[in-house]
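Next come the chains, spelled out residue by residue.
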Amino acid sequence: MIDKHISRVLGLLGQDDTLRVLAGLVLRPGEPLDKVTGLTPEAAAKALDRLARGGLAVREEDGWRARPETFRDLLRTVPSTPADPMDAFLVDGRLVSIPVKRAKRLMVLDYIAQVFEVGVRYQEKEVDVALRAFHDDHAALRRYLVDEGFLTREANVYWRSGGSV
């Protein structure tokens, strides 16, 4: 099963605004993030909030700092496993392409659906962040997950409704 935290961190690193803010925290600590990143103050604050929720930034007495130790912690949680059938579809944890054959696509979708916890409601943006960790076409993955019954959608809120446990 894919660790949800690993998926969230990868999704954050796949977004331009959060990556810029993280780089700003690392390369120019203490400087105003909107100036360092070129983002509006509101966009920088939102990205910083997402980084904090993902464990990549922390507020201290004198301001914000990056938490690079999060990467070391994540590496420790990744178990070494024997050959996985998903290796045919994934390179470094990302889909090479979305399988065309339905049977293979269902296997991939079941694997991806495990990122979402049963009983938890997710906003569309949270779903997109998690899916970006797997493939750039997160909208297609989201559509397939809904169409095949792995996720249910209502009013832009999603929840896991299928797949293996």
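Residues numbered from 1 in each chain as written. Predicted model: local features only at pLDDT ≥ 70, side-chain atom pairs only at ≥ 80, totals over all residues. Heavy atoms only, no water.

Q: Just give me the short version of the overall build of the chain, but keep the residues and values in it.
A: Within the chain, the regular secondary structure consists of eight helices and seven strands. In terms of overall dimensions, the chain has a C-alpha envelope of 50 × 40 × 25 Å along the principal axes. For the chain, the residues scored as buried account for 39% of the 165 residues in total. Put simply, 55% of the contacts in the chain that link residues at least 6 apart link residues at least 24 apart. Of the roughly 9800 Å² of accessible surface on the chain, 54% is carried by carbon and sulfur atoms. (Helix = DSSP H or I, 4+ residues; strand = E, 2+ residues; numbered from the N terminus. Buried < 20%, exposed > 50% of the residue type's maximum accessible area, 1.4 Å probe, protein only. Contact = heavy atoms within 4.5 Å. Areas by Shrake-Rupley, 256 points an atom, 1.4 Å probe, with all protein chains shown as cover.)

Q: Summarise the environment of Val157; cite the residues concerned and give the values.
A: Turning to its location among the elements, Val157 is positioned in strand 7 (residues 157-160). Put simply, Val157 and Gln123 are 34 residues apart on the chain and 4.9 Å apart in space, counted from C-alpha to C-alpha. Contact partners of Val157, with chain neighbours within four places excluded, come to Arg121, Tyr122, Gln123 and Thr152.

Q: Lay out the environment of Leu19 with the relevant residues and their values.
A: Position of Leu19 among the secondary structure elements: in helix 2 (residues 16-27). Here Leu19 falls in the partly exposed class, since its relative accessible area comes to 40%. In sequence terms Leu19 and Thr37 are 18 residues apart; their C-alpha atoms lie 9.5 Å from each other. Each residue touching Leu19, except ones within four places of it in the same chain, is listed here: Leu12 and Leu13.

Q: Requested: an account of the side chain of His135, with residues and values cited.
A: Looking at the element boundaries, His135 is found in the loop between helix 7 (124-132) and helix 8 (138-147). Since its relative accessible area comes to 16%, His135 is described here as buried. Polar side-chain contacts of His135 include one of 3.0 Å to the backbone nitrogen of Asp137. Ignoring any residue separated from it by four or fewer positions in sequence, one finds His135 in contact with Arg94, Leu95, Val96, Ser97, Ile98 and Leu141. (Polar contact = N/O pair within 3.5 Å; in protein donor to acceptor, adjacent residues only side chain to side chain.)

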